[in-house]
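Each chain is listed here by its residues.
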Amino acid sequence: MLRYTKINIDNIDKCIEFRKDSYAASFPNSDEWMQYWNEDLYRDSLKKHAELFPDGLWHIWLRDELIGQLEFAYRERHGHVNLFYLRPEFRGQGYSSNLHEHVVDILRSHDCQTATLRVTPQNIRARQYYEKHGWEDKGTDSHYDYVHLYSKDL
């Protein structure tokens, strides 16, 4: 039902749109996310990411409609998920479990045994989703005090 295509790094306007929306969703009822967002830095980091982790940038399609995005990294038996994203109108319909399986399968194919991700404490829906899928809240991230670090054994 869902189709995954590697992101074309030469055309990343949708990536920017999706990432900005993910920041807004991470800080519901607040514009706090704007202090952490920098479009130019994101563009640059996405290009570097594509070079370092060629299997770590995906767009998700439902029929001919682009509905989501995945960003993740992998090295030395560990993965880190930067972004699980579905457009708001596609959330809560069961697609996210398929995204989760896709990420886990690719991380395992790169010999990853563990993975981490970050989520804001305010994003209750995301936190519940991650915990439902076996991610463990490790508390405040030591690098970014406005998010929690979650981990999962793969």
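Above: the structure in question.
Conventions and cut-offs
- Numbering of residues starts from 1 in every chain and runs along the sequence as written.
- Given that the model is predicted, a residue must reach a pLDDT of at least 70 before its local features are reported, and side-chain atom pairs must reach 80 or more before they are shown or counted; all residues, however, enter totals for whole chains, interfaces and linings.
- Calculated side-chain values reflect all of the structure's heavy atoms, with hydrogen atoms and water omitted.
- Helix numbers and strand numbers start at the N terminus; a helix is a DSSP run of H or I with at least 4 residues, a strand a run of E with at least 2.
- Burial status follows relative accessibility: with a 1.4 Å probe on protein chains alone, a residue under 20% of its type maximum counts as buried, one over 50% as exposed, and anything between as partly exposed.
- Identification of polar contacts relies on pairs of N or O atoms within 3.5 Å, with a donor-acceptor requirement for protein atoms, meaning one able to donate a hydrogen and the other able to accept it, and with residues adjacent in sequence counted only if both atoms are side-chain atoms.
- Whether two residues are in contact is decided by their heavy atoms, any of which lying within 4.5 Å being enough.
- A carboxyl oxygen of Asp or Glu within 4 Å of a side-chain nitrogen of Lys or Arg is what we treat as a salt bridge.
- Planes of paired rings set the category: under 30 degrees apart is stacked, over 60 is edge-to-face and the rest tilted, where pairs are Phe, Tyr or Trp rings (Trp by its six-membered ring) whose centres lie within 6.5 Å.

### Description of the side chain of Thr116
Phase 1: Checked against the element boundaries, Thr116 lands in strand E5 (residues 114-119).
Phase 2: We classify Thr116 as buried; its relative accessible area is 12%.
Phase 3: Polar contacts involving the side chain of Thr116 include one to the side chain of His78, which spans 3.2 Å.
Phase 4: Setting aside its immediate chain neighbours within four residues, Thr116 contacts His78, Gly79, His80, Val81, Trp135, Leu149, Tyr150 and Ser151.

### Some thoughts on the pattern of salt bridges
Phase 1: Tallied over the full model, the rule gives ten salt bridges.
Phase 2: Glu39 serves as the salt-bridge partner of Arg43, at 3.3 Å between the closest nitrogen and oxygen. Remark: Glu39 and Arg43 occur in helix H2 (residues 39-52); sequence separation between them is four residues, near one turn of the helix.
Phase 3: Arg43 sits in the partly exposed class, given a relative accessible area of 25%.
Phase 4: Arg87 is the salt-bridge partner of Glu65, the closest N and O atoms lying 2.9 Å from each other. A residue pair is termed long-range when its members are at least 10 positions apart, and Glu65 in strand E3 (residues 65-75) and Arg87 in the loop between strand E4 (78-86) and helix H3 (95-109) qualify at 22 residues.
Phase 5: Glu65 gets classed as partly exposed once you look at its relative accessible area, which sits at 36%.

### Points about the packing of aromatic side chains
Phase 1: The final tally for this structure, using the stated rule, is ten aromatic pairs.
Phase 2: Taking the centre distance of 6.4 Å and the plane angle of 55° together, the rings of Phe90 and Tyr95 count as tilted.
Phase 3: By relative accessible area, which is 9% here, Phe90 ends up buried.
Phase 4: Judged by centre distance (6.1 Å) and plane angle (70°), the ring pair of Tyr144 and Tyr146 falls under edge-to-face.
Phase 5: Overall, the relative accessible area of 24% leaves Tyr146 in the partly exposed class.
Phase 6: Feature note: the residues Phe84, Tyr129, Tyr130, Trp135 and Tyr150 constitute an aromatic cluster, connected by ring pairs.

In short, geometric facts, not functional conclusions.
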